[in-house]
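Remarks on the overall topology
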Amino acid sequence: MDIRVLTLDIVIFILMGISVLSMVRVVIGPTSEDRMIGLNLVLAQISAILVLIAVKYNRSIYLDVALVYAILGFIGILAIARHAASREDKE
Amino acid sequence: MNVFLKWKIVRIILTSLYLMVGWILFTGSLALFSLFLGGMFSFLVALLTYSIFIEEKEAARRSLLPHIYLIVIYIFVLLFKIYLASFKMVFSVMKGNINPRIVHFRTRLKSDVARVILANSISLTPGTITLDLDEDHLIVHWLNAKTTHSHFASSLIKGHFEMWLRKIWI
Amino acid sequence: MMWIVQFFMGLGIFFGIFGNIGLLRFPDIYTRLQASSKCSTTSLFSIFIACMLLEGFTPMTGRILLIALFFLVTGPVTSHIIGRHAWERGVIPWKRKKVKD
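Bear in mind the structure is a predicted one, so any value in this text is a computation, not a measurement. Just so you know, the residues in each chain are numbered from 1, in the order the chain's sequence is written. Just so you know, chain letters begin at A and ligand numbers begin at 1, following the order they were written in. Selection of residues for local features in this predicted model requires a pLDDT of at least 70, selection of side-chain atom pairs for listing and counting requires 80 or more, and totals for whole chains, interfaces and linings are taken over all residues. The side-chain figures draw on all heavy atoms in the structure; neither hydrogens nor water molecules are used.

What about empty space enclosed by the protein?
- Put simply, the grid is 1 Å and covers the protein atoms alone, a cavity is a trapped set of points that fit a 1.4 Å probe, a pocket is an open set with protein on both sides within 12 Å along at least five of seven lines, and lining residues have an atom within 4 Å of a point. Grid points are joined across faces, edges and corners, and a volume is the space filled by probe spheres set on the points. Taken as a whole and judged by the stated rule, the model has one cavity of 30 Å³ or more.
- Of all the secondary structure elements, the ones that give two or more residues to the lining of the largest cavity are α2 (32-57) and α3 (61-90) of chain A together with α2 (29-55) and α3 (59-89) of chain C.
- Per-class residue counts for the lining of the largest cavity are eight nonpolar, seven polar and no charged. The helix count covers DSSP runs of H or I at least four residues long, the strand count covers runs of E at least two residues long, and both are numbered beginning at the N terminus. In this classification, the charged set is Asp, Glu, Lys and Arg, the nonpolar set is Ala, Val, Leu, Ile, Met, Phe, Trp, Tyr, Cys and Pro, and all remaining amino acids, among them Gly, are polar.

Okay, here's the thing in structure tokens:
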């Protein structure tokens, strides 16, 4: 087995394990901000996994997927924060 | 020709130039049809968003065209400082001795872009996060607080960043 | 060359694991924000640098550099959004209690 593919596979599997670990904070987090922090970490690790997959298979289409995923995640967190703030104003 | 009309045309052209550079970086091709399509759409988007991208009162020449080579050096200095900060963060995670405080101080930078970049670089370096930026007033959360005095805290946190940014953007 | 790539990959995994431990261990929102934002930015940068070294000079390297610059801009902005939301909601920061000598 090629050492380059082996290294990339090991890093991808460890990153998947780490993102499961940070989902724990999303599930148990006492407030909404804790859940947002956990989601931000999961987003970062999944885009790193997408970049690693693009390097492994040598396909540049996965890089576009990673970029769009990062942009949509950023906008999503902004929308969640806006929505939570506006709902607290009404109450 | 009216001065305000001239300034509006300059803003539209500058915004579409920035958008065009972004388009070329994203697509990565220099084919004629791609360039034509990018130019058309960046002009359409610039017509809609020029008043948000460059405000009407923002008149300093330096805030639109900064020193490019100094920005490259600044990014490398920032990367080095980020690695240093993360090692400190790992040590404080391991030991668990933290002493968090909230610190308020002011900045001397004039340009809006420079203030935003100062706030972002403060967020990235050792144990500090910008919570609020209101005109020139910053509220910073500090993980390992050594002092709560505003003047000393500002000189400890801002460090060399403010000096570099004053050279780049005034 | 492979050794440098593996060193950077290991650095990225190291920072990722410690960021998550800090996220689970620290007492309140602001301190968790500190640990997660800083360590995630550094681990992402290490992995991207390793990928760029592995690829060499190809069009993919420029694309990866673009993603890295995007994360350099949006990482602190995201942490600022979450911190500002907590600050305006009135969350009181955690303080170490004074030990009586």
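As for the pattern of salt bridges
- Just to be clear on terms, a salt bridge is a Lys or Arg side-chain nitrogen sitting within 4 Å of an Asp or Glu carboxyl oxygen. Throughout the structure, instances matching the rule amount to six salt bridges over all chains.
- Residue Asp9 of chain A pairs with Lys56 of chain A through a salt bridge whose shortest N-O separation is 3.0 Å. With Asp9 of chain A in helix α1 (residues 3-28) and Lys56 of chain A in helix α2, this pair connects stretches of sequence that are 47 residues apart.
- Partly exposed describes any residue whose relative accessible area lies between the buried limit of under 20% and the exposed limit of over 50%, with all areas from a 1.4 Å probe on protein chains only and scaled to the type maximum. Exposure remark for Asp9 of chain A: the relative accessible area of 19% places this residue in the buried category.
- Glu88 of chain C is the partner of Arg84 of chain C in a salt bridge, and the nearest nitrogen-oxygen pair spans 3.5 Å. Of this pair, Arg84 of chain C and Glu88 of chain C are both found in helix α3, four residues apart, which corresponds to roughly one turn of the helix.
- A relative accessible area of 31% means that Arg84 of chain C is categorised as partly exposed.
- Glu88 of chain C sits in the exposed class, given a relative accessible area of 54%.

What to know about the packing of aromatic side chains
Residue and element names in this part refer to chain C.
- Stacked, edge-to-face and tilted labels apply to pairs of Phe, Tyr and Trp rings (six-membered ring for Trp) whose centres lie within 6.5 Å, assigned for plane angles under 30 degrees, over 60, and everything in between, in that order. As enumerated under the stated definition, the model contains seven aromatic pairs over all chains in all.
- When the ring of Phe48 is compared with that of Phe71, the centres are 6.3 Å apart and the planes differ by 50°; the resulting orientation is tilted. Of the two residues, Phe48 is situated in helix α2 and Phe71 in helix α3; the sequence distance between them amounts to 23 residues.
- Between Phe70 and Phe71, the ring centres sit 6.2 Å apart and the planes meet at 85°, which makes this aromatic pair edge-to-face.

Points about the nonpolar core
- Within the largest apolar cluster, 70 residues are counted, with the highest numbers of intra-cluster contacts made by Leu15, Val51 and Leu52 of chain A together with Phe48, Ile64 and Ile67 of chain C.
- The dominant element in this core, judged by the number of residues it contributes, is α2 of chain C, at 10 residues.
- Here, two residues are considered to be in contact whenever any of their heavy atoms come within 4.5 Å of each other. Beyond its immediate chain neighbours, meaning those up to four positions away, Leu52 of chain A contacts Leu8, Val11, Ile12 and Leu15 of chain A together with Met9, Ile47 and Cys51 of chain C.
- Among the buried residues, those of types Ala, Val, Leu, Ile, Met, Phe, Trp, Tyr and Cys that are joined through side-chain atoms within 4.5 Å form a nonpolar core. Ile37 and Leu41 of chain A together with Tyr30 and Leu33 of chain C belong to the second-largest nonpolar core, a separate cluster that totals 16 residues.

Brief notes about a nonpolar patch on the surface
Residue and element names in this part refer to chain B.
- Nonpolar side chains (Val, Leu, Ile, Met, Phe, Trp, Tyr) are joined into patches within 5 Å and like charges within 9 Å, using only residues with over 30% relative accessible area and no salt bridge. For the area figures, the Shrake-Rupley method with a 1.4 Å probe applies, and any residue is considered shielded solely by the protein chains shown. A contiguous nonpolar patch, built from Phe33, Phe36, Met40, Phe41, Phe43, Leu44 and Leu47 and spanning about 730 Å² of accessible area, is present on the exposed surface.
- Along the chain, the position of Phe43 falls in helix α2 (residues 32-53).
- What makes Phe43 partly exposed here is its relative accessible area of 44%.

What to know about the packing of α1 of chain A against helix α1 (residues 2-25) of chain C
- Think of each axis as a best-fit line through the C-alpha atoms, taken over the contacting stretch in the case of a helix, with angles from 0 to 180 degrees between the N-to-C directions. Two elements in contact, α1 of chain A and α1 of chain C, have axes separated by 10 Å at closest approach and are oriented at 10°. When the axes of α1 of chain A and α1 of chain C are compared, the pair comes out roughly parallel. Of the residues in α1 of chain C, those in contact with Ile3, Arg4, Thr7, Leu8, Val11, Ile14, Ile18, Leu21, Ser22, Val24 and Arg25 of chain A of α1 of chain A are Met2, Gln6, Met9, Ile13, Gly16, Ile17, Asn20, Leu23 and Leu24 of chain C. Any angle from 65 to 115 degrees is called roughly perpendicular, while one under 35 is roughly parallel, one over 145 is roughly antiparallel, and all others are oblique.

Looking at the interface of chain C and chain A
- Of the residues lining the interface, 34 residues belong to chain C; the matching set on chain A comes to 47 residues.
- When two parts are put together, the accessible area they lose, computed with a 1.4 Å probe and summed over both, is reported as buried area. Between chain C and chain A, roughly 3,800 Å² of surface is buried when both sides are summed, and carbon and sulfur atoms account for 77% of that area.
- If you sort the residues of chain C by the area they bury against chain A, Asn20, Met60 and His85 of chain C come out on top, with a joint share of 15%.
- At the boundary of chain C and chain A, one finds four salt bridges.

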